[in-house]
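Below are the chains, spelled out letter by letter.
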Amino acid sequence: MRQKPTVLVRAIVATSRLFRVEELQLRFSNGVERTYERLVGTGSGYGAVMIVALIDDQHALLVEEYCAGTDDYQLSLPKGLIEPGEDILVAANRELKEEAGYGAHHLEYLTELSLSPGYMTQKIQVVLARDLYEKRLPGDEPEPMRVERVNLRELSDLVRHAQFSEGRALAALYLARDLLVQRGVLVL
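Remember, it's a predicted structure, so these values are computed and weren't measured experimentally.

Re the packing of aromatic side chains
- Using the criterion set out here, one finds two aromatic pairs in the structure.
- Ring geometry for Phe 28 against Tyr 36: centres 6.2 Å apart, planes inclined by 50°, an arrangement best described as tilted.
- The class for Phe 28 is partly exposed, based on a relative accessible area of 27%.
- Note on Tyr 66 and Tyr 73: the rings are 5.7 Å apart at their centroids and 70° apart in plane angle, and the pair reads as edge-to-face.
- By relative accessible area, which is 32% here, Tyr 73 ends up partly exposed.

Here it is, written out as structure tokens:
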């Protein structure tokens, strides 16, 4: 395993309501020095959760919401912040109820994903939700979210959808699909 670079200086160089920009001056094991910048969340630090919610053995739920980064309405998986002291699976079920109007009797942790590890510290926990039931909780979204279904057998079509562009959601859908195929629940 490679030796991690030595941190010579670490400083917050900019702050907003959601992010801090941290500058790192590093020395690598071969003596080369570089300055890196990364986004560091200012939130609770408890992380976030993304849910692959299966309405049946071959369809997952997507939610549509306004995304400021792309300045457009986008489809993605339900997701949100984990509250202080909240278990990952409890957070997943709460977010699913708030965003999609469903709860799940069966929740399973799948993996942790990062968005852009080269310059962001944020990671998200991926949870598979099955055996859904209708249940809506009030959330913090500024407007109701539209819910759609995606067929796990047609994920390559989803990539071409004008309103779908989130790589983490696509990775989570493929992971869930592959797991279901392995378990014999879904046949491609």
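Anyway, onward from the coordinates.
What about helix H3 (residues 167-182)?
- Taking 1.5 Å of rise per residue, the 16 residues of H3 would be expected to cover 22 Å, and the 22 Å separating its terminal C-alpha atoms lies within 8% of that figure.
- Every buried residue of H3 is listed here: Arg 168, Ala 169, Leu 170, Ala 172, Leu 173, Ala 176, Arg 177, Leu 179 and Leu 180.
- Gly 184 lies just past H3 and shows a positive phi near 80°.

A look at unusual backbone geometry
- Even without being a glycine, Asp 71 presents a positive backbone phi close to 55°.
- Examined against the element boundaries, Asp 71 turns out to sit in the loop between strand S5 (59-67) and strand S6 (72-76).
- On the basis of relative accessibility, which here comes to 56%, the residue Asp 71 falls in the exposed class.
- Positioned with a positive phi, Asp 131 is a non-glycine residue whose angle comes to about 55°.
- Positionally, Asp 131 belongs in strand S9 (residues 123-134).

Remarks on the confidence of the model for the protein
- Summary statistics for the protein give a mean pLDDT of 93 and a share of 98% for residues scoring 70 or more.
- Ranking the elements of the protein by mean pLDDT puts strand S3 (residues 33-41) last, at 89, and helix H1 (residues 88-100) first, at 98.

A look at H1
- Across its 13 residues, H1 extends 17 Å between first and last C-alpha, which sits within 8% of the 18 Å expected from 1.5 Å per residue.
- Counting buried positions along H1 gives 10 out of 13 residues, so the element sits mostly inside the fold.
- Taken together, the buried positions of H1 are occupied by Ala 91, Ala 92, Asn 93, Arg 94, Glu 95, Leu 96, Lys 97, Glu 98, Glu 99 and Ala 100.
- The elements touched by buried residues of H1 are strand S4 (48-53), S5, strand S7 (79-81), strand S8 (102-114), S9 and strand S10 (146-151).

Examining the sheet that holds S7
- With mixed pairing, four strands are arranged side by side in an open sheet as S7-S4-S9-S8. Each end of this open sheet is capped by a strand with a single partner; those strands are S7 and S8. Averaged over all adjacent pairs, the angle separating strand axes in this sheet is 25°, with direction ignored.
- In this sheet, S7 lies alongside S4 in antiparallel orientation, the contact comprising three bridges. Note that in S7 the partner of Met 50 across the bridge is Lys 79.

A look at the sheet that holds strand S2 (residues 19-27)
- Taken together, three strands build an open sheet; the order of strands is S1-S2-S3 and the sheet is antiparallel. Both outer strands of the open sheet, strand S1 (6-15) and S3, are each paired with one neighbouring strand and no more. When strand polarity is set aside, the average angle formed by the axes of neighbouring strands in this sheet is 25°.

A few points about the nonpolar core
- Grouped together as the largest cluster of nonpolar side chains are 25 residues, with contacts concentrated most on Val 52, Leu 62, Leu 77, Leu 152, Phe 164 and Leu 173.
- Among the elements of the structure, S4, S5, S9, helix H2 (155-159) and H3 are those that each provide at least two residues to this core.
- Per element, the largest residue contribution to this core is seven residues, and it comes from H3.
- When residues no more than four places from it in sequence are discounted, the contact partners of Leu 152 are Leu 54, Asp 57, Gln 58, Ala 60, Leu 173, Arg 177, Leu 180 and Leu 186.
- Of all hydrophobic cores here, the second largest spans 17 residues; its members include Ile 51, Ala 92, Ala 100 and Leu 107.

Calculation notes
- Residues numbered from 1 in each chain as written.
- Predicted model: local features only at pLDDT ≥ 70, side-chain atom pairs only at ≥ 80, totals over all residues.
- Heavy atoms only, no water.
- Phe/Tyr/Trp six-rings, centres within 6.5 Å; stacked < 30°, edge-to-face > 60°.
- Buried < 20%, exposed > 50% of the residue type's maximum accessible area, 1.4 Å probe, protein only.
- Helix = DSSP H or I, 4+ residues; strand = E, 2+ residues; numbered from the N terminus.
- Expected span 1.5 Å × (residues − 1).
- pLDDT = per-residue confidence, 0-100.
- Contact = heavy atoms within 4.5 Å.
- Pairing = 2+ DSSP bridges.
- Axes fitted to C-alpha atoms, helices over the stretch in contact; angles between N-to-C directions.
- Core = buried A, V, L, I, M, F, W, Y, C linked by side-chain atoms within 4.5 Å.

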